[in-house]
Amino acid sequence: MTFLGPLLMAALMIVPIVLATMQNIGEKNIAVLDETNWFIGKFEQDDNMQFHYVFDAVDSLKKQVLQEKYDLLVYIPRPELNIPVNAEIYSDRQIPLNVSSYIKNTMRKEVETKKLLASGIDPDVIKSAKTTINLVTIRLDEDGGETKSFTEINVALGLFGSILIYFFIFIFGSQVMRGIIEEKTSRIVEVIISSVKPFELMMGKITGIALVGLTQFLLWVVLTGSIYGVFMLIYGVAEAPQVLTTESAMTSPAESMLPEMNNEALTEIIEVVDAINFPVIIGSFIFYFLGGYLLYAALFAAIGSAVDNEADTQQFMLPVSIPLILGLVVSNFIVNNPEGSLAFWLSIIPFTSPVVMMVRIPFGVAYGELALSMALLVCGFLFTTWIAAKIYRTGILMYGKKPGYKELWKWLRY
Amino acid sequence: MHAYLSIKEVTKRYANHLALDRVSIEIPQNKIFGLLGPNGAGKTSLIRIINQITAPDSGEILLKGQTLHADHVTKIGYLPEERGLYKKMKVGEQAIYLARLKGMSKSEAQKKLKIWFEKFDILNWWDRKVEELSKGMQQKIQFVVTVLHQPELLIFDEPFSGFDPINVNLLKAEILKLRDQGATIIFSTHNMASVEELCDQIALINQGEKVLEGEVNALKEANRNYTYSCEFYHPVSNWQTELEKLPVELLGSDFISNKLKLHLKTDPTLNSNELLRMMLPLGELTSFQELLPSMNDIFIQKVGKTAKSASDE
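From a predicted model like this one, the values you see are computed outputs, not experimental measurements.

Calculation notes
Residues numbered from 1 in each chain as written. Chains lettered and ligands numbered in written order. Predicted model: local features only at pLDDT ≥ 70, side-chain atom pairs only at ≥ 80, totals over all residues. Helix = DSSP H or I, 4+ residues; strand = E, 2+ residues; numbered from the N terminus. Rg over C-alpha atoms; globule rule 2.2 N^0.38 Å. Buried ≥ 20, exposed ≤ 12 C-beta atoms within 10 Å, placed from the backbone. Contact = placed C-beta atoms within 7 Å. Axes fitted to C-alpha atoms, helices over the stretch in contact; angles between N-to-C directions. Parallel < 35°, antiparallel > 145°, perpendicular 65-115°, else oblique. Nonpolar A, V, L, I, M, F, W, Y, C, P; charged D, E, K, R; others polar. Left-handed = near helix turned anticlockwise from the far one by under 90°. Expected span 1.5 Å × (residues − 1). Core = buried A, V, L, I, M, F, W, Y, C linked by C-beta atoms within 7 Å. Pairing = 2+ DSSP bridges. pLDDT = per-residue confidence, 0-100. Domains from an automatic or database assignment.

Engineer: How do you make sense of the overall build of chain B when you look at a structure like this?
Structural biologist: Within chain B, the regular secondary structure consists of ten helices and 14 strands. Taken over C-alpha atoms, the radius of gyration comes to 25 Å for chain B, far larger than the 20 Å a tight globule of 313 residues would show. Each principal axis of the C-alpha distribution contributes one length, and for chain B these read about 75 × 45 × 35 Å. For chain B, with 313 residues in total, the buried portion stands at 33%. Excluding contacts between residues fewer than 6 apart, the proportion of contacts in chain B whose partners are at least 24 apart in sequence is 71%.

Engineer: Is there a simple way to explain the overall build of chain A in this structure?
Structural biologist: Per the secondary structure count, chain A includes 15 helices and six strands. Put simply, 69% of the contacts in chain A that link residues at least 6 apart link residues at least 24 apart.

Engineer: Is there a simple way to think about the packing of helix 14 (residues 367-395) of chain A against helix 15 (residues 405-412) of chain A in this case?
Structural biologist: The axes of two packed helices give the description: the angle between them and the distance between them. Residues and elements named next belong to chain A. Two elements in contact, helix 14 and helix 15, have axes whose closest approach is 8 Å; the angle formed by their N-to-C orientations is 100°. Taken as axis vectors, helix 14 and helix 15 run roughly perpendicular relative to one another. Of the residues in helix 15, those touching helix 14 at I387, K390, I391, T394 and G395 are L408, W411 and L412. Residues that form the contact of helix 14 with helix 15 fall into these classes: five nonpolar, two polar and one charged.

Engineer: Would you take a moment to explain the packing of helix 5 (residues 151-185) of chain A against helix 10 (residues 278-306) of chain A for this structure?
Structural biologist: Residues and elements named next belong to chain A. Contact geometry for helix 5 and helix 10: axes closest at 8 Å, N-to-C directions at 30°. In terms of orientation, helix 5 and helix 10 fall into the roughly parallel class. Relative to helix 10, helix 5 is oriented so that their crossing is right-handed. In terms of residue class, the contact of helix 5 with helix 10 is made up of 19 nonpolar, six polar and one charged.

Engineer: Is there a simple way to explain helix 4 (residues 135-147) of chain B in this structure?
Structural biologist: Three or four residues apart is the spacing at which side chains of an α-helix point the same way, because the helix has 3.6 residues per turn. All names here are of chain B. Look at helix 4: 19 Å from first C-alpha to last across 13 residues, which is about the 18 Å you get at 1.5 Å a residue. Of all 13 residues in helix 4, ten are buried, a share of seventy percent or more. Taken together, the buried positions of helix 4 are occupied by Q138, Q139, K140, I141, Q142, F143, V144, V145, T146 and V147.

Engineer: What exactly am I supposed to notice about the nonpolar core here?
Structural biologist: Across soluble globular proteins, you tend to see nonpolar side chains buried next to one another. Counting 117 residues, the largest nonpolar core has A297, A298 and A301 of chain A together with I155 of chain B as the members making the most contacts within it. Per-element tally for this core: the top contributor is helix 10 of chain A, with 15 residues. Judged by nonpolar contacts, the second largest core, of 16 residues, contains L33, F39, V74 and M107 of chain A.

Engineer: Could you clarify how one ought to interpret the pairing of strand 4 (residues 58-63) of chain B in this entry?
Structural biologist: Residues and elements named next belong to chain B. Note: strand 1 (residues 3-14) against strand 4, five bridges, orientation antiparallel. Bridge pairing in strand 4 places I7 opposite I61. With two bridges joining them, strand 4 and strand 5 (residues 66-67) adopt antiparallel strand pairing. Residue pairing for strand 5: L63 is matched across the bridge by Q66. Following strand 4, the chain reverses through two residues before pairing antiparallel with strand 5; K64 in that reversal takes a positive phi of roughly 50°.

Engineer: Sorry, what's going on with the interface of chain A and chain B here?
Structural biologist: Often, the extent of an interface is quoted as the loss of accessible area on bringing the components together. Contacts between the two partners involve twelve residues from chain A and, on the opposite side, 15 residues from chain B. The greatest single-element share of the side of chain A that touches chain B, amounting to four residues, is contributed by helix 6 (residues 189-193) of chain A. Looking at the side of chain A that touches chain B, its residues break down into six nonpolar, three polar and three charged.

Engineer: Explain the sheet that holds strand 12 (residues 249-256) of chain B here, please?
Structural biologist: Within a sheet, each strand pairs with its neighbour through backbone hydrogen bonds, oriented either parallel or antiparallel. Residue and element names in this part refer to chain B. Strand order in the open sheet made by the four strands is 12-13-11-14, with antiparallel pairing throughout. Edge strands, defined here as strands with exactly one partner in the open sheet, are strand 12 and strand 14 (284-291). Across the sheet, the mean angle from the axis of one strand to that of its neighbour is 15°, orientation sign disregarded. Pairing analysis gives seven bridges linking strand 12 to strand 13 (residues 259-265), with the strands arranged antiparallel. Bridge pairing in strand 13 places I256 opposite K259. Those strands touched by helix 9 (residues 272-279) are strand 11 (227-233) and strand 14, and its axis lies near 150° from that of strand 14.

Engineer: Got a minute to help me understand the confidence of the model for chain A in this structure?
Structural biologist: The predicted coordinates should not be examined in detail at positions where pLDDT is low. When pLDDT is averaged along chain A, the result is 81; 87% of the residues meet or exceed 70. Here helix 8 (residues 252-257) of chain A stands out as the least confident element of chain A, with mean pLDDT 44; helix 14 of chain A is the most confident, with 92.

Engineer: How should I be thinking about the domain arrangement of chain B in this particular structure?
Structural biologist: Under the domain assignment, chain B is made up of domain 1 (3-221) and domain 2 (225-291). On a C-alpha basis, the centroid separation for the pair domain 1 of chain B and domain 2 of chain B is 45 Å.

Engineer: Would you take a moment to explain the environment of L276 of chain B for this structure?
Structural biologist: Here L276 of chain B shows up in helix 9. Residues L276 of chain B and C230 of chain B lie 46 residues apart in sequence; the distance between their C-alpha atoms is 9.2 Å.

Have a look at this one:
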């Protein structure tokens, strides 16, 4: 999994790019029979499409299509009224979507232009009237500073961080749980706790898996990054040198498919990236990453110690997973209103704060609030660890009975 | 005699039952001490307290006069009744890991493990995964790991379960050898035959209370019930009427070809010499023996009595 993971991740990013460029479907020979004479010479040749304007009977042209002289036939019949709005495409196989949409668009534009001219409007006037609005949002700081912010990037950063934390907690938390169930069912646990304290064993398991997890995670990032980087270098140079970007993993696929950016936009993005407070984002990512993991891993450890096999974990897994899932679901709303009271409370409560706070951080969170959330998270994991240690101590030596919540409550008070 | 381990007034209560009720036991140094009792008597609770896996609610345990302390775990080797190994790990690796948990260095553990593995004929399993091994093999590895760090105190909870008779004998020999080398051994089992064979002293626990403690032989003496077995060759024809005149109770008789076996019970006032003299006229006496109760009898007698009185209440 350690090495397969990055491959899959890289594939996930690379495959869409390859597919996008694979739309190159080979040259098409297209016969155009235009009975209106409106569109002669309007369809432009390119690498994919070769247009031949023909004047022949439709039926004989259809035969030529079947005889492979042409790949397809565009037939624009004389309109009943004076504006041609109907056309037919004949082919002996499936017609590529981009070909048909190209034909449709070209015809539409041509008809629109003609209509405009007929009503005495110069199409160039319309063209010049089209405007792109360049909206820049700027945050004002209390000390008078101004920073440009770019909401889309903030949303992407925040959601990416919180999803990553969510998965890390689930994957490695349940690994802790499974490890403990394994020790319990293989009955080695009593041998070990005659040498080390149950608490030490539990914390050892949690920190051990955290380190395995971090190593694996770093390996994933590095390997995925380098596979992707190497791919882009080879593939990108050959195909589209101007869109080659080895930017961070999440923005690349989308970005590289954008048409060339003009310099203005590029400098703007650089400005925005500069404005992102990376030390705070990365620092708090690591903090919430570890804090959230420690908090939940302790709960997972307690569950693992209480049951005899994985099937019995269901009833305890639900209440533990709900705050995590809630955090992730709510994140999607919080990006729209990162300062709202829902966002505030969920990012303060330790059970949801690792996932929710990550969404808010790229938008900027007051340091006091951040400190409160972090302090509560620390208290939270100390608390869950304390609870877990009590359940664990009793649970690992209990066999053959499936405990309920009442039972766990009793163990807490031993 | 100096006690190696003193268990003093230890009480342990779980939510709704009393697992140990003011149990005090003295375990002498360099002896094999049998910790006996029916299922659920509190043996495992006591053993876990000695291993500091759980703490007593009250009372204390002294090891060579010192209150139990975290450092003592390296002096104790514990083979639990519920035992196992990591299934996916290799045998040698795992044995070294467990030895290091008990404070041994890696090279020392490796050296000693090789010696033990050779002795138990499992050296070629060193690089195999535990799940490939038979249960008996795994038990051998667990035994080796328990004794490897040469603990002063060894605690075996049902050590023979899962072993074939040949390996049981191998294990018994090793346990006796360990005692001769100076270890103090606590031995918990239901198998009374092995108790008689191995134990110097025992304590019997029932329903959280100690009901009996002492040396095996002394306990047998103390619990004698004045029964004898006698064998006659060519007994007199009227042995039955002769016997009825004597102050004995006939528990059973067996007369095959010329041999008569009698199972008798007398009262405590009659000593064996007098009984012997009384028996002589009955025929040619070939064997005369007092039947001391087995540990099994004592166990059933003591436990059964309390079980009965408990159900009477």
